[in-house]
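# Tertiary structure, described
Listed below, chain by chain, are the residues.
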Amino acid sequence: MRPRKPSFAADYILDTVVSLRDSAPTLNQAEQQWAHDVLVEYFGVVEKRGAIAEAAEIFTAVRPQLAVAGSKTPSVPATRAKAQSLPSFDELVSLLQYRKSTRWFKQTTVPRELLAKAINAAALAPTACNRQAYYYWVFDDPTLTQELAKLPMGVSGFGHNIPVLIAVVGRYRAYSHVRDRHLIYIDASLSIMAFVQALETLGLASCTINWPEIPEREKRARDAIPMESDERIIMFIAVGYPDDTGLVPHSPKQPEAVFGRFNLES
Ligand SMILES: Cc1cc2nc3c(=O)[nH]c(=O)nc-3n(C[C@H](O)[C@H](O)[C@H](O)COP(=O)(O)O)c2cc1C
């Protein structure tokens, strides 16, 4: 924050350090390092009064238990990295134009390494409070994929030829307020956009598939995919090598309609 206030985060710092104290052993090293570095920085700059003083005491007790690599650059706010070998605007637009929802796939195995690469790229998308409240559940077993492809409605006619079906699953537990109930959809969707673009750069193609809000379908999905009770499918994605003998619909875009307005102009 510029200028930095002498005191901030008083409303939630106590919850934060209590949560860290209670969950530290379950966190991986990078998470522990991040929690450590941010809180060291935080308590180093704020005035320690009231809840902040109480939180500081708890953090002092928890700190020695955190797995920290001393030599590492601290995981704290820093200036933006300098751009290196970014695609040009034209290159980006050509990728965006190249991607088409593809429904016909070669019956060729999709290497898991490629899927992992695309998922890792998708994980770079922004999420509310960086909570990353979704994950990609990949089905590449042919029998299972065929079975699961019957769950969503929008695959009639091409469901049988989908080599890989991905369920993107959102976790409601990441957002405790009712006011934030849509965030899992927004988070996951931003990531899905990165995912489908990444697939294209790897020679793969995809079709995002609607997951409708129908209780009977929801039950069938839960019977087939053992999700936690707070988890919900956001979308399915069909993935595979495109079969170029299959047609792709003509799906013109309307940039002028999307472009919208500036300020209060009509
Ligand atoms: C949220 C969402 C749900 C979709 N659901 C389906 C679906 O169930 N079946 C399908 O064949 N295509 C589905 N699509 C793909 C759209 O039909 C496609 O994106 C649209 O026609 C534009 O074509 P394009 O992706 O090639 O630009 C879906 C796309 C989105 C974004």
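Bear in mind that the values here come from a model prediction, so they are computed numbers and not experimental data.

### Looking at the packing of helix 1 (residues 13-23) against helix 3 (residues 50-62)
In contact at an axis separation of 8 Å, helix 1 and helix 3 are set at 15 degrees when each is read in the N-to-C sense. Between helix 1 and helix 3, the interaxial angle falls into the category roughly parallel. For the pair helix 1 and helix 3, the crossing hand works out as left-handed. Taking contact as the criterion, the partners of Ile13, Leu14, Val17, Val18, Leu20 and Arg21 in helix 1 are, on helix 3, Ala51, Ile52, Glu54, Ala55, Ile58, Phe59 and Val62. When grouped by side-chain class, the residues that make up the contact of helix 1 with helix 3 number eleven nonpolar, no polar and two charged.

### Digging into the site of the ligand
Every one of the 13 residues lining the ligand counts as a neighbour, but Ser101, Arg103, Gly154, Asn210 and Lys253 are closest to it. Within the side chain of Arg99, one N or O atom sits 3.0 Å away from an oxygen atom of the ligand. Contacts to the ligand include Arg103, whose side-chain N or O atom sits 2.7 Å from an oxygen atom. Here the shell around the ligand gets four residues from one element, more than from any other, and that element is strand 3 (residues 205-210).

### Considering the pattern of salt bridges
Inspection of the entire model under this criterion finds 13 salt bridges. The salt bridge involving Asp22 is made with Arg21; its shortest N-O contact spans 3.2 Å. Using a relative accessible area of 55% as the deciding quantity, one classes Asp22 as exposed. What makes Arg21 partly exposed here is its relative accessible area of 40%. When the shortest N-O distance is used, the salt bridge between Arg173 and Glu231 registers 3.1 Å. One end of the pair, Arg173, is in the loop between strand 2 (164-171) and helix 7 (183-201); the other, Glu231, is in strand 4 (residues 231-240), and 58 residues separate them in sequence. Since its relative accessible area comes to 48%, Arg173 is described here as partly exposed.

### Focus: the domain arrangement of the protein chain
According to the domain assignment, the protein chain consists of domain 1 (1-78) and domain 2 (89-240). Measuring from the centre of the C-alpha atoms in domain 1 to the corresponding centre in domain 2 gives 34 Å.

### Notes on the nonpolar core
Grouped together as the largest cluster of nonpolar side chains are 25 residues, with contacts concentrated most on Tyr136, Ile166, Val168, Ile192, Phe195, Ile237 and Val239. Secondary-structure elements contributing two or more residues to this core are helix 5 (112-122), strand 1 (134-139), strand 2, helix 7 and strand 4. Among the elements that make up this core, the one with the highest residue count is helix 7 (eight residues). What Phe195 contacts, discounting residues up to four positions off in sequence, is Leu115, Ala118, Ile119, Ala122, Tyr136, Ile166, Ile237 and Val239. Counting 21 residues, the second largest nonpolar core, distinct from the first, contains Ala149, Ile233, Phe236 and Ala238.

### Brief notes about the packing of aromatic side chains
Enumeration over the complete set of coordinates arrives at nine aromatic pairs. On the basis of an interplanar angle of 25 degrees and a centroid distance of 5.5 Å, the ring pair of Phe43 and Phe59 is categorised as stacked. You can see Phe43 sitting in helix 2 (residues 29-45) and its partner Phe59 sitting in helix 3, a full 16 residues away along the chain. Classification of Phe43 as buried rests on a relative accessible area of 8%.

### Quick notes on the packing of helix 2 against helix 3
Pairs of packed helices are described in terms of their axes, by the angle between the two and the distance that separates them. Where helix 2 contacts helix 3, the axes come no closer than 11 Å and their chain directions differ by 135 degrees. As summarised for this structure, helix 2 and helix 3 are arranged oblique, according to the angle between their axes. Classified by chirality, the crossing of helix 3 by helix 2 is left-handed. Contacts from His36, Leu39, Val40, Tyr42 and Phe43 of helix 2 reach helix 3 at Ile52, Ala55, Ala56 and Phe59. Looking at the contact of helix 2 with helix 3, its residues break down into eight nonpolar, one polar and no charged.

Calculation notes
- Residues numbered from 1 in each chain as written.
- Predicted model: local features only at pLDDT ≥ 70, side-chain atom pairs only at ≥ 80, totals over all residues.
- Heavy atoms only, no water.
- Axes fitted to C-alpha atoms, helices over the stretch in contact; angles between N-to-C directions.
- Helix = DSSP H or I, 4+ residues; strand = E, 2+ residues; numbered from the N terminus.
- Parallel < 35°, antiparallel > 145°, perpendicular 65-115°, else oblique.
- Left-handed = near helix turned anticlockwise from the far one by under 90°.
- Contact = heavy atoms within 4.5 Å.
- Nonpolar A, V, L, I, M, F, W, Y, C, P; charged D, E, K, R; others polar.
- Near = heavy atom within 4 Å.
- Polar contact = N/O pair within 3.5 Å; in protein donor to acceptor, adjacent residues only side chain to side chain.
- Salt bridge = Lys/Arg side-chain N within 4 Å of Asp/Glu carboxyl O.
- Buried < 20%, exposed > 50% of the residue type's maximum accessible area, 1.4 Å probe, protein only.
- Domains from an automatic or database assignment.
- Core = buried A, V, L, I, M, F, W, Y, C linked by side-chain atoms within 4.5 Å.
- Phe/Tyr/Trp six-rings, centres within 6.5 Å; stacked < 30°, edge-to-face > 60°.

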